[in-house]
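Topology and contacts: notes
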Amino acid sequence: MGVKFDKDEFKKSVADNLKVLYRKTVDEADKQQIFQAVSYSVKDIIMDRWLATQKTYEKEDVRTVVYMSMEFLMGRALGNNMINLTVYKDIKEALDEMGLDLNVIEDQEPDAALGNGGLGRLAACFLDSLATLGYPAYGCGIRYRYGMFKQQIKDGYQIEVPDNWLKDGNPFEIKRPEYSYEVKFGGYVRCYKDEDGRDKFVQEDYRSVIAVPYDMPVVGYGNNVVNTLIIWDAEPVNTFNLESFNKGDYHKAIEQENLAKNIVEVLYPNDNHYAGKELRLKQQYFFVSASIQRAIAKYKKTNSDIRKFHEKYVFQLNDTHPTVTVAELMRILMDEEGLNWEEAWEVTTHCCAYTNHTIMAEALEKWPIELFSRLLPRVYQIVEEINRRFVEELKVKYPGNQDKIRKMAVIYDGQVKMANLAIVAGFSVNGVAKLHTEILEKQELKDFYEMFPEKFNNKTNGITQRRFLLHGNPLLADWITGKIGDDWITDLSHLSRLKVYVDDEKCQREFMQIKYQNKLRLAKYIKENNGVEVDPRSVFDVQVKRLHEYKRQLLNILHVMYLYNQLKANPDLDIPAQTFIFGAKAAAGYKIAKLINNVADVINNDPAIKGRLKVVFIENYRVSNAEIIFAAADVSEQISTASKEASGTGNMKFMLNGALTLGTMDGANVEIVQEVGEDNAVIFGLTSDEVIRYENEGGYDPMEIFNNDQDVRTVLMQLINGEYCRENPEMFRDIYNSLLHNDGGRRADTYFILKDFRAYADAHRKMLDKYKDEKGWAKSAMLNVACAGKFSSDRTIEEYVRDIWKLDKVKVEVSDED
Ligand code: CGF
């Protein structure tokens, strides 16, 4: 089921778009205009499929999953859409003939960076898989005016630059004002009896905004299915309140306008961290309310009994961010659809499922009841009632056990606890990797697991091979297809067929030659973007992910400092040349980027080590450059403190591109090693059980290591003796202190960096020894690809469908098929 592609028609379409949009010819248009015109031509191919898909869904009155997420880290759309329409190569050819370079055109597109990191990218991979597998689904999120900030590095510091991604217009989106809904904030709740004597609740004296949806197509691979990502924009109810203005109340007049503008202004750039800002709760309620209103209106188009809503809709809550769904659905079912509490609860508790993405305490969302009730007065009443009923249940089940209430109540200590709300009202609670789910069940959510074991399940994360191999690494993709056919594109388990080639020396050479080409491509990118020359024959050792203490970029850079000391002391050290590549955005104020950049400066400019060590910090790490980075990596650094990384998904992208994991037994690393075998990865460090034990005992004593390990001491002293910051030797004193001294409630070396240091250094040595054995390395790298089948998001989605969503696959017919 491919698209019937007519090259001449396509070329004409591009030229026509340039004429209509810009009154220009191909020769006159600039690169951005060409990108827009090509995108509109691709959108044209998408449209028939999009219409046909929606028609099919309506006709078959399908059960649908709504993926509710504050973040969708979609990246660029053009390349991905062409890939999934299976016309990438055809279009490349057509554009070549027009004298246009597709790579240059793709580079004009800003990333749709409506997310921070793993959680948002997971949502994007899930949408890709849902469409490819033919499941009725759509995503709901926010059309942030500014997505994830652009990162610049100045003097080693991160500078955050606003990401005005909509500046040139988004060619793939469609505004749908006809499906707008009002969302209300504040005011008070008036209660009265209706003519049947039933209590009625209305919100009065509120402020409101209009939620206006924009649809973005989500193209399935080669199957005619086009699902939708709905992102909500906010508009003022009346652009300008003339009455208030005439009365001289200028502020009131512009209040509605500001409310709308502020809500969707910017994505909070916090990953695994909850900042507790009022605006964030507004954002959450805004998109949740609009999305539920939309789902109910859609349902009512073809169904009459709202009591059966849950038979047709399931809301997957991506973390606790959209958990207010539970109470908003109750509100709409009761206050607007006339159901009583029990009926509404029956529907709600069969509609909502929750995914937990982290055990980090600072990520747990808790809203002060003062704020929550002021902003969402009616929703708060409902949360109160959910809590009251649940606490009653607890008292019956655990008589006299106040501790259970303290830990499990939805409202406690003056706060609404969103995870508790999601678990109490959801019918499913899942973690995102086996180890993570086990930790939830045994530790973090133990009480809930004991009470509702049937709700808990694991869904190990996955990634889409269409973007991270087929699009990101075309050389390898073609090579694989040449060996085993192209079934892997929609069924990644087929990669295991590569196993027969791993001992074949010719295949090994071909494979390593592709890796080398990809390293050349990255080296060129680094030269152009960072001005640093790197040796493509060196080991590319890569850590790209959000900068966060628990991810331990600090361990990595301390080890680089140690290696540098070793090389200086012994210039003949028999180790291969290495390039350490970092890429990451940080929450504002985290100094580690500065340390990495300063270390890079010193090492890269020291002729004494003859280029055997290089350090590069790639600016503005994002989905589009990630694709180039994964393809070029030899070593994948996955070194979080065991138990802290729920899953990780970068680890899977590296594996799929033939990098060996150097990691701790954390998150999905555990499953990666299970799949590929211990000989084809290098594992080190404390286990999650050991970490948890130390934590329960109040930590360990890093001073003991400092006192006894000369190498560690040297490296730490270099943090405070000006070695990496001549102009201000105190620059990294905080980092030094955090590793050695308790500070208030914070334990020294919270993330066990010194504790794991030796094991990490040894693991590196082991990795380099492997690298020296060329054939052995090629075999291991190929085995990583061959064993990556499990980590497709297609597999993850099939598990969600089987265990939670219970959807049926749909076939979509289109008349212009091949
Ligand atoms: O979600 C994360 C990521 N940082 O966005 N969490 N959150 N919040 C986890 O830390 C990752 O381990 C996980 O892979 C990702 C997606 O589930």
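Residues numbered from 1 in each chain as written. Predicted model: local features only at pLDDT ≥ 70, side-chain atom pairs only at ≥ 80, totals over all residues. Heavy atoms only, no water.

Attention now goes to unusual backbone geometry. Of note, the phi angle at Thr86 is positive, near 60°, even though the residue is not glycine. Looking at where Thr86 falls in the secondary structure, it is placed in the loop between α3 (78-84) and α4 (88-97). For Thr86, a relative accessible area of 32% corresponds to the partly exposed category. Located in the positive-phi region is Asp413, a residue other than glycine, with phi close to 50°. For Asp413, a relative accessible area of 66% gives the class exposed. (Helix = DSSP H or I, 4+ residues; strand = E, 2+ residues; numbered from the N terminus. Buried < 20%, exposed > 50% of the residue type's maximum accessible area, 1.4 Å probe, protein only.)

The next point concerns the pattern of salt bridges. What the rule picks out here adds up to 65 salt bridges. A salt bridge links Asp111 to Arg76, with the shortest nitrogen-to-oxygen separation between them at 3.6 Å. Taken together, the residues span a long stretch of sequence, with Asp111 in the loop between α5 (102-106) and β3 (112-114) and Arg76 in the loop between β2 (72-75) and α3 at a distance of 35 residues. When sorted by exposure, Asp111 lands in the same class as Arg76, which is buried. (Salt bridge = Lys/Arg side-chain N within 4 Å of Asp/Glu carboxyl O.)

This next bit is on the domain arrangement of the protein chain. Along its sequence, the protein chain is organised into domain 1 (7-363) and domain 2 (465-685 + 757-794). Here domain 1 and domain 2 have C-alpha centroids that lie 33 Å from each other. Facing 42 residues of domain 1, the contacting portion of domain 2 comprises 33 residues. Here domain 1 packs against domain 2, burying approximately 3100 Å² in sum over the two surfaces, 54% of which is carbon and sulfur. When residues of domain 1 are sorted by the area they lose upon contact with domain 2, Arg121, Gln151 and Tyr221 head the list and together hold 17% of the total. For the pair domain 1 and domain 2, the number of links is 3 salt bridges. As a salt-bridge pair, Asp111 and Arg622 come within 3.9 Å of each other at their nearest N and O atoms. (Domains from an automatic or database assignment. Contact = heavy atoms within 4.5 Å. Buried area = accessible area lost by both parts, 1.4 Å probe.)

We now examine the site of the ligand. Residues in contact with the ligand amount to 14 residues; listed here are only the nearest, Leu119, Asp271, His357, Glu645 and Gly648. Within the side chain of Asp271, an N or O atom sits 2.7 Å from a nitrogen atom of the ligand. Within the contact set of the ligand, an oxygen atom lies 2.9 Å away from a side-chain nitrogen or oxygen of Asn461. Looking at side-chain class alone, the shell around the ligand contains 5 nonpolar, 6 polar and 3 charged residues. No fewer than three residues from each of domain 1 (7-363) and domain 2 (465-685 + 757-794) sit in the shell around the ligand. (Near = heavy atom within 4 Å. Polar contact = N/O pair within 3.5 Å; in protein donor to acceptor, adjacent residues only side chain to side chain. Nonpolar A, V, L, I, M, F, W, Y, C, P; charged D, E, K, R; others polar.)

On inspection of all chains with the given rule, the structure shows 6 cavities of 30 Å³ or more. Of the voids in this model, the largest cavity is the one considered here, and its volume is about 320 Å³. Every residue lining the largest cavity is counted, 24 residues in all, and those nearest its centre are Met74, Gly75, Arg76, Ala77 and Met216. Mapped by element, the contributors of at least two residues to the lining of the largest cavity are β2, α3, α6 (118-133) and β11 (207-219). Here the element with the most residues in the lining of the largest cavity is β11; it accounts for 4 residues. Grouping the amino acids of the lining of the largest cavity by side-chain chemistry returns 13 nonpolar, 6 polar and 5 charged. Here the second largest cavity is characterised by a volume of approximately 70 Å³. Along its surface, the second largest cavity is lined by Lys545, Lys551, Gln638, Ile639, Ser640, Glu645, Ser647, Gly648, Asn651, Asp666, Gly667 and Asn669. (1 Å grid on protein atoms, 1.4 Å probe; cavity = no way out; pocket = protein on both sides within 12 Å on 5 of 7 lines; lining within 4 Å. Points joined across faces, edges and corners; volume = space filled by probe spheres on them.)

Moving on: the packing of aromatic side chains. Applying the stated rule across the entire model yields 25 aromatic pairs. Judged by centre distance (5.4 Å) and plane angle (65°), the rings of Phe126 and Tyr800 are edge-to-face. Here the residue Phe126 occupies a position in helix α6, and Tyr800 occupies one in helix α33 (residues 793-805), the gap between them amounting to 674 residues. As far as burial versus exposure is concerned, Phe126 and Tyr800 are alike and both buried. By way of ring pairs, the aromatic residues Tyr67, Phe126, Tyr800 and Trp805 are connected into one cluster. Over the aromatic face of Phe201 sits the side chain of Arg378, whose NZ or CZ is 3.8 Å from the ring centroid. The ring of Phe452 has Lys455 lying over it, and the distance from NZ or CZ to the ring centre is 4.0 Å. (Phe/Tyr/Trp six-rings, centres within 6.5 Å; stacked < 30°, edge-to-face > 60°. Lys NZ or Arg CZ within 6 Å of the ring centre and 35° of its normal.)

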